[in-house]
Amino acid sequence: MVSISVEDNNSKPGHYCGLAGIYAESPLNIPQNLFYSLFSLQHRGQESAGVSYRKNGNIVTYRDLGMVPAVLSRYLHMERLSNIGIGHVRYSTKGGNRIENVQPLHAVCNKGQIAIAHNGTISNASALKKALFNKGAIIQSTSDTELILHMLSMNDETDFKKALFSTLRLLEGAFSLLIIRDESLIAARDPNGFRPLYMGKKDGMTIFASETCALDILQANDVREVEPGEIIIIDKNGMRSERFAEPVRISQCVFELIYFARPDSSIFGKSVHLMRKKMGAALAVNEKIKGDIVMAVPDSGNSAALGYAEESGLPLEYGLSRNHYAGRSFIMPTKEQRELMVRMKLNPVKEVVKDKKIILVDDSLVRGTTSRLIVKMLREAGAKEIHLRLSSPEIKCPCYFGIDIPTREELISNRMTPEEIADHIGADSVFFLPVESLMGCLGNPDDFCYACFTGIYPIEVDETGEI
Ligand code: SF4
């Protein structure tokens, strides 16, 4: 049985990993600093956590199933002076929630001591794995990240940098990578730029992280994005930036801005919170219903609801309270247990919702299971009308670039029109932000991927999804 949160319980696409890495000019407690950054990235993966760092000429790795405090707290009181470290939080889907898939992965091979942390999905993993098997590789995990280690080790180039460049050029799909190789720290981002990766500086430290919130916690400055197709190598000779691939069409994941990233982060050069407000305002511009109040489904709908309220002039109300201590739970076998899980997490403020025509704002709809329960709770609390507004378009297609979206058959927007969905979940109406309106919010719409809405994938994908 897989452990997931209430929020993940079929209601949202799954996150898929967060990265942090540090190169320090003078030795310091690397695992402790990585702990703070990884804690800030906990929303990107709650099933496992780990760090690798250099100590006495070797790479030491601590990793386990569980959230960051549970896995890493026990090491914090120890003195861990080091110059280089990387860390990872993971949400497992492909490959499952097994200890051998927990990152960083760490190996000793003919190219040196290597630890690797990966955010994304290698979309040609199936073909790469077959080729490695044919060459005699013994693969231990079911994660696509392990393939990168084998490809490095089995690469004919004896020079590590040449082997790394040629390996990266064989990968397709989404990969933001942090690698320790002997005394160097390496960061790389795929040429399409699917997943974010940032770099900042603080007191002789160069810090990398999936989102800027994980740099803020270490008070980093001079923050910049690792560019798509860029590789940054830091060692005792300093920092070098190079390109390992020719520029291709940039395809940053628009869902990072809609839902995955933390609202206080900046990614792809944009404030996540302000982008979500714009999406909410765009919903209001498209609105045909005059509500009494605007409410968010917390926390995923907070910023968009604020944008909707500002644009529409309607009052933003606190009509659903979220219990932040509900924490993680298990998939429940019965309908009643699943309903209780949602009630544990969310509770209507009856005095706010009673007799009101509610504009209820959330970010996305996957299966509709949780929305149905929320609508039911609001009806029980006396709401007069409930109009569900989603700040993303209809999700109709799976993602092959690092996000866990259910199969086409499971996605409610593949089976029903918005009117049928409204009927199914008991709402008075349901409206999704059109793709064109979403693009209009972005400023540089050609630099984003929309494949889970449109089915138009920016690169060729293996739809079997096998690894
Ligand atoms: S398919 Fe959707 S979730 Fe996947 S990268 Fe593209 S926009 Fe993001």
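Notes on the structure follow. (Residues numbered from 1 in each chain as written. Predicted model: local features only at pLDDT ≥ 70, side-chain atom pairs only at ≥ 80, totals over all residues. Heavy atoms only, no water.)

## Topic: the environment of I250
Heads up, the rule is: Secondary structure elements are taken from DSSP: a helix is a run of H or I of four residues or more, a strand is a run of E of two residues or more, and numbering for both begins at the N terminus. Exposure categories follow from relative accessible area, calculated using a 1.4 Å probe and restricted to protein chains: below 20% of the type maximum is buried, above 50% is exposed, and the middle band is partly exposed. Throughout, a residue-residue contact means that at least one pair of heavy atoms, one from each residue, lies within 4.5 Å.
Mapped onto the fold, I250 is located in the loop between β14 (238-243) and β15 (252-253). Judged by its relative accessible area of 24%, I250 falls in the partly exposed class. Contact partners of I250, with chain neighbours within four places excluded, come to P191, N192, P228, D446, D447 and F448.

## A closer look at the sheet that holds β14
Quick note on the threshold: Pairing between strands requires that DSSP locate at least two bridges from one strand to the other. Here an angle of 0 to 180 degrees is reported between the N-to-C directions of two axes, which are lines fitted to C-alpha atoms, with helices fitted over the stretch in contact.
Taken together, the six strands give an open sheet; going across it, the order is β6-β7-β8-β9-β13-β14, and neighbouring strands pair in antiparallel fashion. Unpaired on one side and paired on the other, β6 (105-109) and β14 mark the two borders of the sheet. If you compare each strand with its neighbour and ignore which way they point, the axes differ by 20 degrees on average. Two elements, strand β13 (residues 230-235) and β14, share six bridges in a ladder whose sense is antiparallel. Paired with D235 across the two strands is G238, which belongs to β14. Across the sheet, helix α5 (residues 160-170) touches β7 (112-119), β8 (176-181), β9 (184-189), β13 and β14, and the angle it forms with β13 is around 155 degrees.

## What about the site of the ligand?
In plain terms, the rule: For this description, a residue counts as near a given molecule or strand if any of its non-hydrogen atoms is within 4 Å of it. Any residue outside Ala, Val, Leu, Ile, Met, Phe, Trp, Tyr, Cys, Pro, Asp, Glu, Lys and Arg is labelled polar, Gly included; the first ten of those are nonpolar and the last four are charged.
Near the ligand the following residues occur: R195, C253, V254, F255, C399, F401, I403, C449, A451 and C452. Elements with a minimum of two residues in the shell around the ligand: α7 (254-260) and α16 (451-454). Among the residues forming the shell around the ligand, the class breakdown is nine nonpolar, no polar and one charged.

## Considerations on the packing of aromatic side chains
What counts, and what does not: Ring pairs shown here join Phe, Tyr and Trp side chains whose ring centres sit within 6.5 Å, with only the six-membered ring taken for Trp; geometry is labelled stacked below 30 degrees between planes, edge-to-face above 60, and tilted in between.
Overall, the coordinates contain 11 aromatic pairs when judged by the stated rule. A centroid spacing of 5.2 Å and a plane angle of 40 degrees characterise the contact between F255 and F260, whose relative ring orientation is tilted. The same class applies to F255 and to F260, which are both buried. Here the aromatic residues F194, Y400, F401 and Y457 are joined through ring pairs into a cluster of three or more.

## Observations regarding the pairing of strand β3 (residues 48-55)
Counted residue by residue, β3 has seven buried out of eight residues, so it is predominantly covered. One ladder, built from eight bridges, connects β3 with strand β4 (residues 58-65); its direction is antiparallel. Paired with A49 across the strands is D64, a residue of β4. In this structure, the hairpin formed by β3 and β4 is closed by a connection of two residues, where N56 is found at a positive phi of approximately 50 degrees. As paired strands, β3 and strand β5 (residues 81-90) are joined by six bridges and run antiparallel to one another.

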